[in-house]
Amino acid sequence: MSLPSSSARSLEMRSLSASMPTDERMLSMPSADGVVSASWSRSQTLLRTATAAPRFAGVSRAASARRFISLKSLFAPSPKGDGGVSGGSGQQRLLVKSDDLFHPLSKSPIKEMREKGLLIQEHGSCPTCVSETSSSGTAATREPMFECPDCGYPTHCSETHWVSDKQHHAEHCGYLREANEDEHDLRSGRTLREFEFPSAQLPEVVVNLSDWDTFLYTRSFTNVESDRSMRHVSKVLTYPITMGAVLHQYSPFALGAGLTPEGLKSLTALRTTIKEHELARSEKELEMQVTPLRVFVLGARAEAMLPPHLYLQLSYLLPHSPINIYFVGPECIPSPDETRSTIAVSSRLALKYHKGYFHDAIWNFAPFDPYTDIFFMFSPGIAHPRGRDGWRPTVEKLLETKCAVFATGFHEKDMLSDVKALEDDFAGKMDWLLQPQPNPFASLKRDFGIRNLREWAIANWGIYGFRGKRYEVQGKKS
Ligand SMILES: [Zn+2]
Ligand SMILES: [Zn+2]
């Protein structure tokens, strides 16, 4: 499947049913390196983003180098022009066989992988050189031209430097090897059946939200049959399912598991509304009396660019609730096709896009109600020196709404530094709803930075929650 460039900016949306849409849908998105495109079809998935840009416009490239979760996991192979393995079923040509996924990047049968290797050579640096430079102040830092035979990534300037760094590299080598094979698999040309998702939940089956295994099993994701498939799927579903796991009555975030009494109050308020949706006896009654849940995703980037039907997986967890998801942020494109600000994905789910800072646009969304409104910030990087000033006015407004806010981090250090920044900037003004903890619905995939293969990130690795402090009013009765 090749992507005609003329259609790279179009995205066809329709109300989506059960499985993967039969039509090809494409979306284009701005990124640090220009417009990249994505498509989604029955058998193939393509979602290209360049290294994720920082959450705030105007951030230097140095700052942008830090945040690198990208949704580059979903790729279609380019069947033309690559000397690949021929054969395979279906119309797609199989470029890589599933029992032969490992290839050193420079020798990969897939062009994109070879290009990735070149990018790392260009932008990366040899860690042995770097440590020698910093200790002696004299040696020059060389580019990583030597490919580790075990993971296939260009990791060091030479075999000698690779050997002397072997102990450190061993911490990452296995994960890099896994990433190598995963990325070849996604681009292999095979039919990616794991992305054929189930539709509405059977009423008699209770969803178990303990972890990915039980979730996928009780939601009948029958095509996710291997750890590799699970990693692929988790990387995109981490966004809607993390939201669902917070809101759902069988949430894994409970008292005794990090949820504070204040957190329980906030979630109970939201679940009261969800219960009301359930109790509305007819569509008409629902329309007449019910306010939809409003889920705000602030600092939205990649999350806003996911194919909209993915968010139906949140809808299926709260099947009676009308849900509006608002993607807000300076880097949020108006919608995947850059023209519409609202996409009705189903009769119960709408996605809305607002490009701009939440604190500047707050009047578009006010008033706020803790019973219907919840905020998510996916790996916001609040503590990052350049991000902090951008986030401060937003968080100030968030605290005023008294609505629940849940945020995630790439790894423990990332999460805890954001938590500390919040504590430093808003001491006494906020209540913790959920203590920082690993997220059972984190992506199962490790992403590595092109500039530094020793830096890794996991989308939504950890999660925590907070909201503006409520002061008990001690006024006298009049
Ligand atoms: Zn070196
Ligand atoms: Zn290695």
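Since we're looking at a predicted model, the values are computed, not measured.

What counts, and where the lines are drawn
Residues numbered from 1 in each chain as written. Chains lettered and ligands numbered in written order. Predicted model: local features only at pLDDT ≥ 70, side-chain atom pairs only at ≥ 80, totals over all residues. Helix = DSSP H or I, 4+ residues; strand = E, 2+ residues; numbered from the N terminus. Buried ≥ 20, exposed ≤ 12 C-beta atoms within 10 Å, placed from the backbone. Contact = placed C-beta atoms within 7 Å. pLDDT = per-residue confidence, 0-100. Pairing = 2+ DSSP bridges. Axes fitted to C-alpha atoms, helices over the stretch in contact; angles between N-to-C directions. Core = buried A, V, L, I, M, F, W, Y, C linked by C-beta atoms within 7 Å. Parallel < 35°, antiparallel > 145°, perpendicular 65-115°, else oblique. Nonpolar A, V, L, I, M, F, W, Y, C, P; charged D, E, K, R; others polar. Expected span 1.5 Å × (residues − 1). Arc of directions from axis to C-beta.

Caption draft 1: Structural detail: the overall build of the protein chain. Regarding its fold elements, the protein chain presents 14 helices and 15 strands. Burial analysis of the protein chain (478 residues in total) assigns 47% to the buried set. Taking all contacts inside the protein chain whose residues are at least 6 apart in sequence as the whole, residues at least 24 apart take part in 69%.

Caption draft 2: Structural view of the confidence of the model for the protein chain. The predicted model of the protein chain has a mean per-residue pLDDT of 80, with 75% of residues at 70 or higher. Under a pLDDT of 50 for its full length, residues 1–67 has, in the predicted model, 150 contacts with residues more than four places off or in other chains. Residue range residues 75–90 is modelled with pLDDT below 50. Its contacts to residues more than four positions away, or to other chains, number 43 contacts.

Caption draft 3: Geometry of the sheet that holds strand β10 (residues 373–377). One open sheet holds the 8 strands; their spatial order is β8-β9-β7-β6-β10-β11-β15-β12, and the pairing between them is mixed. Both outer strands of the open sheet, β8 (342–344) and β12 (430–438), are each paired with one neighbouring strand and no more. Strand-to-strand twist across the sheet, computed as the mean angle between neighbouring axes with direction ignored, equals 15 degrees. The sheet contact formed by strand β6 (residues 293–298) and β10 spans 5 bridges and is parallel.

Caption draft 4: Representation of the nonpolar core in the model. Grouped together as the largest cluster of nonpolar side chains are 85 residues, with contacts concentrated most on Val297, Phe327 and Phe375. The biggest single contributor to this core is helix α7 (residues 227–247), with 9 residues. Here Val297 is in contact with Glu303, Ile325, Tyr326, Phe327, Val328, Phe376 and Phe378, once residues within four sequence places are set aside.

Caption draft 5: Representation of the environment of Val395 within the structure. As for its position among the elements, Val395 is in helix α13 (residues 385–401). For the pair formed by Val395 and His359, sequence separation is 36 residues and the distance between their alpha carbons is 8.3 Å. Apart from the residues lying within four places of it in its own chain, the contact partners of Val395 are Leu422 and Phe426.

Caption draft 6: Molecular detail of the packing of helix α5 (residues 166–186) against α7. It is the contact of α5 with α7, at a shortest axis distance of 11 Å, that shows an interaxial angle of 80 degrees. Considered as vectors, α5 and α7 are oriented roughly perpendicular to each other. Within the contact between the two elements, α5 uses Asp182, Asp185 and Leu186 and α7 uses Arg228, Arg231 and His232. Of the residues in the contact of α5 with α7, the class split is 1 nonpolar, 1 polar and 4 charged.

Caption draft 7: The arrangement of helix α14 (residues 412–425) in detail. With 14 residues, α14 extends 20 Å between its outermost C-alpha atoms, agreeing within 8% with the 20 Å of an ideal straight helix rising 1.5 Å per residue. For α14, the complete set of buried residues consists of Asp414, Met415, Asp418, Val419, Ala421 and Leu422. One side of α14 carries all its buried residues, which in axial view fall inside an arc of 160 degrees. The exposed set on the far side of α14, more than 90 degrees from its buried face, consists of Lys413 and Asp424. On its buried side, α14 packs onto α13, β11 (404–409), β12 and β15 (462–468).

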